Amino acid sequence: MLPVDLVHSRRQKDRLVVTPLGERLDRAREIATELVQIAEAHVGRTREELETAWRALDVPAREIRLRDGLIALIEDALDLDGRADVDAVALRAEVFSRATARRRSEATFDRDAILAELAQEKGTTVEAIEADLYADLRGAQVLRAAVDRTGAPIALVPGGAAAIVEGYDLSQAQSVLLRATRVVVTLSETPALALRSLLRKLKFHRLLFAAERAAERTVLTIDGPSALFESTTRYGLALAIALPSVLACVPERIEADLRWGKERLPLRYVIEPPSPLLAERRAIESGLPDEVEAVIEKLRAKSERFEISVADVLLDIPGVGLTVPDLTLREKKTKRVVHVEVLGHWSRDAVWKRVELAEKGLPEPVLFCASERLRVSEAVLPETTGASLYMYKGALSASVILERAERLLAQAAAPKKKRARSV
Amino acid sequence: MTDAAKLPTLVFRAGTLELEGLPASMPSPLPERCVLDPRTASFRAPANDYADLLRALRDKKIEFEDRARAYTELTHGPLVSREPRPYQSEALAAWKKARGAGVVVLPTGAGKTHVAVMAIDDKRRSTLVVAPTLDLVRQWHDLLASTFAQPIGIVGGGEHDVRPLTVTTYDSAYLHLENLGNRFGLIVFDECHHLPSATYALAARHAIAPFRLGLTATPERMDGRESLLEDLIGPTVYRRDIVELAGDYLAEYETVHVSVSLSEEERREYEAERAIYRSFITRNAIRMSDPKGWSTFIMLSARSADGRRAMAAYRRQRELAFSAPAKLDYVARLLWEHRQDRALLFTQDNATCYALSKRFLIPAITHQTKIKERSAILRGLADGTYCAVVTSKVLNEGVDVPDANVAIVVSGSGSVREHVQRLGRILRKRDGKFALLYEIVTDQTSESYTSERRRDHAAYNR
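Reading the values: the criteria
Residues numbered from 1 in each chain as written. Chains lettered and ligands numbered in written order. Predicted model: local features only at pLDDT ≥ 70, side-chain atom pairs only at ≥ 80, totals over all residues. Heavy atoms only, no water. Helix = DSSP H or I, 4+ residues; strand = E, 2+ residues; numbered from the N terminus. Expected span 1.5 Å × (residues − 1). Buried < 20%, exposed > 50% of the residue type's maximum accessible area, 1.4 Å probe, protein only. Arc of directions from axis to C-beta. Contact = heavy atoms within 4.5 Å. Axes fitted to C-alpha atoms, helices over the stretch in contact; angles between N-to-C directions. Parallel < 35°, antiparallel > 145°, perpendicular 65-115°, else oblique. Left-handed = near helix turned anticlockwise from the far one by under 90°. Nonpolar A, V, L, I, M, F, W, Y, C, P; charged D, E, K, R; others polar. Phe/Tyr/Trp six-rings, centres within 6.5 Å; stacked < 30°, edge-to-face > 60°. Buried area = accessible area lost by both parts, 1.4 Å probe. Salt bridge = Lys/Arg side-chain N within 4 Å of Asp/Glu carboxyl O. Polar contact = N/O pair within 3.5 Å; in protein donor to acceptor, adjacent residues only side chain to side chain. Pairing = 2+ DSSP bridges. Domains from an automatic or database assignment.

(A) Representation of helix α3 (residues 86–97) of chain B. Residue and element names in this part refer to chain B. When the terminal C-alpha atoms of α3 are compared, their 17 Å separation across 12 residues agrees well with the 16 Å that a helix rising 1.5 Å per residue should span. Tyr87, Gln88, Ala91, Leu92, Ala94 and Trp95 are the residues of α3 that are buried. Angularly, the buried residues of α3 cover 165 degrees about the axis, an arc narrow enough to put them on a single face. On the buried face of α3, the contacting elements are β6 (101–105), α4 (112–123), β11 (186–190), β12 (211–216), β13 (236–239) and α9 (242–245). One or two positions beyond α3, positive phi appears at Arg99, with a value near 60 degrees.

(B) Expanded view of the packing of helix α13 (residues 325–337) of chain B against helix α14 (residues 350–360) of chain B. Residues and elements named next belong to chain B. Between α13 and α14, the least distance of the axes is 12 Å, while the angle of their chain directions is 55 degrees. By the angle class used here, α13 and α14 are oblique. The way α13 lies across α14 gives a crossing that is right-handed. Residue-level inspection shows Leu328, Asp329, Val331, Ala332 and Leu335 of α13 in contact with α14, the latter providing Leu356, Arg359 and Phe360. Across the contact of α13 with α14, the residue classes break down as 6 nonpolar, no polar and 2 charged.

(C) Spotlight on the packing of aromatic side chains. By the definition in use, this model includes 10 aromatic pairs over all chains. Look at Tyr134(A) and Tyr354(B): their rings are 4.8 Å apart centre to centre, the planes differ by 65 degrees, and that puts the pair in the edge-to-face class. With Tyr134(A) in the loop between α6 (126–133) and β4 (142–143) and Tyr354(B) in helix α14, this residue pair bridges two chains. Taking relative accessible area as the criterion, Tyr134(A) reaches 7% and is therefore assigned buried.

(D) Molecular detail of the interface of chain A and chain B. Taken together, the 45 residues of chain A in the interface contact 48 residues of chain B. For the pair chain A and chain B, the summed buried area comes to about 4,100 Å², and 56% of that belongs to carbon and sulfur atoms. When residues of chain A are sorted by the area they lose upon contact with chain B, Arg103(A), Arg104(A) and Arg234(A) head the list and together hold 19% of the total. Measuring nitrogen to oxygen at the nearest pair gives 2.3 Å for the salt bridge that ties Asp223(A) to Arg39(B). At the junction of chain A and chain B, the tally comes to 17 residue pairs in polar contact (both at pLDDT 80 or more). Mapped onto the side of chain A that touches chain B, the elements with two or more residues apiece are α4 (88–105), α5 (111–122), β6 (208–214) and α12 (348–360) of chain A. Looking at the side of chain A that touches chain B, the element that brings in the most residues is α4(A), giving 10 residues.

(E) Fine view of the sheet that holds β6(B). All names here are of chain B. Overall, mixed pairing links the 8 strands, which are arranged β9-β8-β10-β7-β11-β12-β6-β13 in an open sheet. Strands with a single pairing partner mark the edges of an open sheet, and in this sheet they are β9 (159–161) and β13. Strand-to-strand twist across the sheet, computed as the mean angle between neighbouring axes with direction ignored, equals 20 degrees. Of the pairings in the sheet, the one linking strand β7 (residues 127–131) to β11 comprises 4 bridges and is parallel in character. For Val130, the partnering residue across the bridge sits in β11 and is Phe189. The strands touched by helix α5 (residues 134–148) within the sheet are β7, β8 (153–156), β10 (165–169), β11 and β12, with β10 carrying the most contacts at an inclination of about 170 degrees. Packing against the sheet, helix α6 (residues 170–180) makes contact with β7, β8, β9, β10 and β11, and its axis sits at approximately 125 degrees to β10.

(F) Fine view of the sheet that holds strand β10 (residues 306–310) of chain A. Residues and elements named next belong to chain A. Read from one edge of the open sheet, 5 strands run β10-β13-β14-β15-β16, paired in mixed fashion. Among the strands making up the open sheet, the edge pair consists of β10 and β16 (387–392). When strand polarity is set aside, the average angle formed by the axes of neighbouring strands in this sheet is 20 degrees. In the sheet, strand β13 (residues 327–331) pairs with strand β14 (residues 337–344) via 4 bridges, with the strands oriented antiparallel. Looking at β14, one finds that Leu327 is bridged to Val340. Here helix α11 (residues 290–302) sits on the sheet and contacts β10, β13, β14 and β16; the angle it forms with β10, its principal contact strand, is near 155 degrees. Each of β10, β13, β14, β15 (366–371) and β16 touches helix α13 (residues 398–411); the most contacted strand, β16, lies at about 165 degrees to it.

(G) Region of interest: the domain arrangement of chain A. Residues and elements named next belong to chain A. Per the domain assignment, the segments of chain A are domain 1 (4–82 + 141–168), domain 2 (88–135), domain 3 (178–278) and domain 4 (290–422). A C-alpha centroid distance of 28 Å is found between domain 1 and domain 3. Contacts between the two partners involve 9 residues from domain 1, matched on the other side by 12 residues from domain 3. Interface area lost by domain 1 to domain 3 is led by Val4, Arg15 and Leu16, which between them contribute 61%. Between the two partners, domain 1 and domain 3, sit 0 salt bridges. Where domain 1 touches domain 3, the interface holds 2 residue pairs in polar contact (both at pLDDT 80 or more). Residue assignment for the side of domain 1 that touches domain 3 shows that the elements contributing at least two residues are β1 (9–12) and β2 (15–18). Looking at which element gives the most residues to the side of domain 1 that touches domain 3, the answer is β2, with 3 residues. In the side of domain 1 that touches domain 3, the residues fall into 4 nonpolar, 1 polar and 4 charged.

See below:
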């Protein structure tokens, strides 16, 4: 990730404006190409030599930050390691203990004589001893050639200069989010898979969100548990890591509250069109869970009554939660639907939350599927709630899903306690 | 769902306390910071309000299930005990009187660690010790292992082993207490003046420990955030200064201020470089006394050739002041004079530290030195393999170097705390020990002013 101080930004009232590469794209490619070439010419040499060579690449003052940012990203991709041929720790112990002994026992302290004596004993030179003394420091690390698993040489920087430049704007945005206290994402017509991927990412990083629906849009406010008590950048790294998943939802707008600079100035950072980060629909990170993939064709093969499709709805009950079903079973004759969400075996807590969700009233029938390993009784969720719990052993059964879906539709005529929103 | 699930439950969740199952509309009987979180439809409080929350729930006779607490009672106290010094007993009594939550201020070498051992013994709860460096973690680990005769956990430095007695760094505590914050009933914050920084403070907030002990020689911070210690740990419950304990419980000492001069040629170069630097900051109206002065200088200096020259000039004049040849000659003389002693040399930066190591052939300890080598170097200093060790900042605080009796401050910042801590490194009492601190300053340079600022403490004005 780009160090925060290398982000190309300026303040505009209460906004932090980050300058994308934009018109500097070609220039960035030129600089990155030169930097990668310099790195390639420094394989086998030290980090200090490489960094000196990089900094010697003369660019106009206005491009220094760009050059240094590209250096940081390229350096991240390189394999720099300590010298294996020198045991610097042992050498230091030997040199320094001998020097102490001499200092105590002789009339004067003769540094050169001590080093010369050691060099002679080791069959080397004083210069070599001096060079090896701190060969394990960061600056003395050596740039290694890149190889694949079989040992065959590969590109030193994966994807070359082009990949570095391509990732530059995303890196800038992620670095800014390191200083974020919360992020507000405005979504519309979001692909369910992308949203599911985002929610999983948020959960994994222990982020929390509040979902609100305004007109045709869903607004997610993302921060962490203790953000309720104080504005903290504690979740900045998690928010930065979640950014690619947020972008995969193709949001209309991303708004981050920041504490910027040493003074921790409250600023706002906005990503909105025509930001290059929103320019194109990105690949969705993860597809359907394996167990859902496995059952979907079986459902299609077995069912005459239902059309089976990947779900594209979002079920939200304010104050309770939001969930994204995996599949939708649509009755061909009536067009009534039953959604299926597979919770798998990862969280018993998630099952209880769904029970709570169903008790508050779901807009459409949902069948929740969870592994028996979670040790929850199916009885905790009576079908009169408009939802059902299917605790499966091993793999999901298409027959059971279809049978439960039919029962839920039969129950659907019963009056609801409270309607929630389907987004 | 079972009946038990219907009882309100208190759960530790990512550094906070979640109280589930209370009706949202109930008239709030809870502490001010326990509020309804609409994101999860539960009440939420910062983890460090655990004790207050429990008291409030019990006062209101609200039945609940406490699933938050995951700490245990220790099976036994210390197997090795020694008679505390009078002020250590006073400190413990004051801490207990404050419900086991407060800060004890004692000078380096006065045995703060023993106060912590007494506190652990008193409360007998799973305990986490948080220290600023890996050296200190190692030191605490060894001390607790030998005192309590049980395996001690370590979190940090590549290890993640959590036990009823565990030691960690502030960096790791900040990262991990979000998950481990309910596993300890007592937390000892060593060198607790580090805690009030914006990030480290979360380590205290994410923990439920009702008992907290802060230890430091110098709670005061340049940014004034020491006032947060009361909320994060508790009030200052006991305080003693170096001058009150010197002689009886700390080694007698003397501080020697040495001025060295630049040669005529160096002086000319110093003045010329300083003029270039000064001219740039004057032209750009940068006030270095302003908290933003330095960052403004860095920013502006990168934007033009003039600026880059000014930065080079700044570095050169600083190098001339910090590493003046006359200064290094004096260091050589002191190393020779004290070749039978144990000396610690202090520098302001790593580059000077390594330069002195190479020039005088003495071991260096910086943040880059791996813990195994650091331990070997400190052992070598103790057993006489080495007569001196040079360090930049890592030995400023905490690390126990009981045999060191000479400190040579080659360069440093204007921080009073840093200077007092450096003195503290050589004050641990030994029979007949007399400690000497030399401060070598290049005369008529910016270093003279820096030196004046850092000596503004009673320990230097005896």
